[in-house]
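Single-letter residue listing:
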Amino acid sequence: MSEAATSFRVTVIGGDGIGPEVTAVGMDVLRTLAELRGWALALDVLDLGAERYLRDGTTFPDEVAARIAEESDAVLLGALGDPRVPGNQHARDILFGLRFGMDLYCNVRPVQCLADRLMPLKAYAAADVDFTVFRENTEGIYVGMGGHFKKGTPDEIAIQEDVNSRKGVERVIRAAFAHATRTGAGSVHMADKHNAMVHAHELWLRVFREVAAEYPELEAHHVYVDALCLYLVQDPRPFEVIVTCNLFGDIVTDLAAALQGGMGMAASANVRPPGDERGRLRGLFEPVHGSAPPLAGQDVANPFATVLTVGQLLAHLGHPHEDARLRALVQRGLAEGKCTRDVGGELGTKAVGAWVCDQLRSG
Ligand code: IPM
Ligand code: MN
């Protein structure tokens, strides 16, 4: 694939709940841009998720994974999780099948507040929230190592290991520093809990210091993750790039979503960093929000997280200006009330999507 792809194939997994509604908007945005820019776009919509699992037991077959790896440039995912599937095995198989299976080790979650009225901290303005979280995406507690002993008895024991490899820790920390350098940020914060997780997170601290030494021009700050939660709410301004482990990244980015105006505004890219491209697939792109089953089918879900996510997708396919354009449009949509109720508007999901596409068409 050339630097800026003009011919690409995107695999779309709408998934559960509001997932299909927001990915429908994402696909419209992609189709509109393809038409305007003359790109050859193929959208490959897969029937995967709770519905499919309940129908025939399929979650994420190896052949599907192999086809995605070989033939797709990117995956756009809506959301997974359905109360009819207790335990949500299908969600884990699909999501982790992509994150772990494709070795997409950076979960890049940009955090920007795009309208002052969405800013929950009264002392600050929207522009004061502008950082990116690099969440390790292939290790940690998420690998699922462990098990139960004497399950269901009063003596039951449940163990889940926190897996941290030197390689895994180093590569995401390196990606965060490289991102800071590329984007002109002045600092990187690494959040861990080495005062309690003395083995696993001592590794994080040691590797962070080693890598930081290679970037003398960047400020490198260690912060305990509990303190980070406090600081983000007290004063979000010092934060530019935050790197942390899988579980902490999950938790911190929900807190960060609140600084952006809620889950409907939070985007994410599961990728390998520039310079570590392997094969065709550039990444898995998904809004941070869940499937929100009670909201499904009501045309109320905020599609902006998906629009911003599509921006990240395009940036990773070599079109950073389209990413900036989509972000600017979301910002204007918020300013003009062309948005859903959760962010102060009155429009439905489809109408917001149509507005975004109209704006793209009108230049
Ligand atoms: C996320 C989600 C997932 C995660 C869930 C659905 C397993 O919360 O992408 O943030 O914890 O990674
Ligand atoms: Mn989460």
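How would you explain empty space enclosed by the protein if you had to name every residue and give the values?
Empty pockets left among the atoms are what a rolling probe the size of a water molecule brings to light. In this structure the tally under the stated criterion is one cavity of 30 Å³ or more. Within this model, the largest cavity holds a volume of roughly 30 Å³. As for the largest cavity, its lining consists of Arg-9, Thr-11, Asp-44, Leu-46, Arg-67, Ile-68, Glu-71 and Ser-72. Every element with two or more residues in the lining of the largest cavity is listed here: strand 1 (7-15) and helix 3 (62-71). Broken down by element, the lining of the largest cavity gets its largest block of residues, three residues, from helix 3. The class makeup of the residues in the lining of the largest cavity is two nonpolar, two polar and four charged.

Which residues make up the packing of aromatic side chains, and what are the values?
Overall, the coordinates contain five aromatic pairs when judged by the stated rule. Geometrically, the ring pair formed by Phe-8 and Trp-39 is tilted, given 5.3 Å between the ring centres and 55° between the ring planes. Highlighted residues: Phe-8 in strand 1 and Trp-39 in the loop between helix 1 (19-37) and strand 2 (40-45), separated in sequence by 31 residues. What makes Trp-39 buried here is its relative accessible area of 9%. Note on Phe-96 and Phe-100: the rings are 5.1 Å apart at their centroids and 20° apart in plane angle, and the pair reads as stacked. Residue classification places Phe-96 among the buried positions, given a relative accessible area of 17%.

An account of a nonpolar patch on the surface is requested, with residue identities and associated values reported.
On the surface, Phe-149, Ile-157 and Ile-159 cluster together to form a nonpolar patch covering roughly 290 Å² of accessible area. Structurally, Ile-157 can be placed in strand 7 (residues 157-160). On the basis of relative accessibility, which here comes to 40%, the residue Ile-157 falls in the partly exposed class.

Hey, could you go over the packing of helix 1 against helix 10 (residues 320-335) for me, with residue numbers and the actual values?
In contact at an axis separation of 13 Å, helix 1 and helix 10 are set at 125° when each is read in the N-to-C sense. The angle between helix 1 and helix 10 falls in the class oblique. Crossing angle aside, the handedness with which helix 1 passes helix 10 is right-handed. In this structure, helix 1 contributes Val-29, Leu-33 and Arg-37 to the contact, and helix 10 contributes Glu-322, Arg-325 and Leu-326. The class makeup of the residues in the contact of helix 1 with helix 10 is three nonpolar, no polar and three charged.

Any details on the site of ligand 1? Residues and values, ideally.
The environment of ligand 1 is made up of Phe-96, Arg-99, Arg-109, Arg-135, Tyr-142 and Asp-250. With respect to ligand 1, the side chain of Arg-109 contributes an N or O atom lying 2.9 Å from an oxygen atom. In the model, an oxygen atom of ligand 1 is placed 2.7 Å from a nitrogen or oxygen of the Arg-135 side chain. Here ligand 1, which alone exposes 320 Å², has 69% of that area covered by the protein. Mapping ligand 1 onto the cavity grids shows that it belongs to the second largest pocket. Looking at the shell around ligand 1 residue by residue, the classes come out as two nonpolar, no polar and four charged.

I'd love a proper account of the layout of surface pockets, names of residues and values included.
Taken as a whole, the largest pocket encloses approximately 1,100 Å³ of empty space. As for the largest pocket, its lining consists of 38 residues, of which His-179, Arg-182, Ala-315, His-316 and Asp-323 are closest to the centre. Split into classes, the residues belonging to the lining of the largest pocket amount to 19 nonpolar, nine polar and ten charged. Residue assignment places the lining of the largest pocket across two domains, with domain 1 (1-107 + 261-363) and domain 2 (130-258) each supplying three or more. Roughly 460 Å³ of internal volume is contained in the second largest pocket. Contributing to the lining of the second largest pocket are 23 residues, with Leu-80, Leu-95, Arg-99, Asp-250 and Val-288 lying nearest its centre. Listed by contribution, the elements that provide at least two residues to the lining of the second largest pocket are strand 3 (74-79), helix 4 (89-99) and helix 8 (246-260). With five residues, the single largest contributor to the lining of the second largest pocket is helix 4. Across the lining of the second largest pocket, the residue classes break down as ten nonpolar, six polar and seven charged.

Analysis parameters
Residues numbered from 1 in each chain as written. Chains lettered and ligands numbered in written order. Predicted model: local features only at pLDDT ≥ 70, side-chain atom pairs only at ≥ 80, totals over all residues. Heavy atoms only, no water. 1 Å grid on protein atoms, 1.4 Å probe; cavity = no way out; pocket = protein on both sides within 12 Å on 5 of 7 lines; lining within 4 Å. Points joined across faces, edges and corners; volume = space filled by probe spheres on them. Helix = DSSP H or I, 4+ residues; strand = E, 2+ residues; numbered from the N terminus. Nonpolar A, V, L, I, M, F, W, Y, C, P; charged D, E, K, R; others polar. Phe/Tyr/Trp six-rings, centres within 6.5 Å; stacked < 30°, edge-to-face > 60°. Buried < 20%, exposed > 50% of the residue type's maximum accessible area, 1.4 Å probe, protein only. Patch = residues over 30% accessible without salt bridge, like charges linked within 9 Å, V, L, I, M, F, W, Y side chains within 5 Å. Areas by Shrake-Rupley, 256 points an atom, 1.4 Å probe, with all protein chains shown as cover. Salt bridge = Lys/Arg side-chain N within 4 Å of Asp/Glu carboxyl O. Axes fitted to C-alpha atoms, helices over the stretch in contact; angles between N-to-C directions. Parallel < 35°, antiparallel > 145°, perpendicular 65-115°, else oblique. Left-handed = near helix turned anticlockwise from the far one by under 90°. Contact = heavy atoms within 4.5 Å. Near = heavy atom within 4 Å. Polar contact = N/O pair within 3.5 Å; in protein donor to acceptor, adjacent residues only side chain to side chain. Sits in = over half its atoms within 2 Å of the grid points. Domains from an automatic or database assignment.

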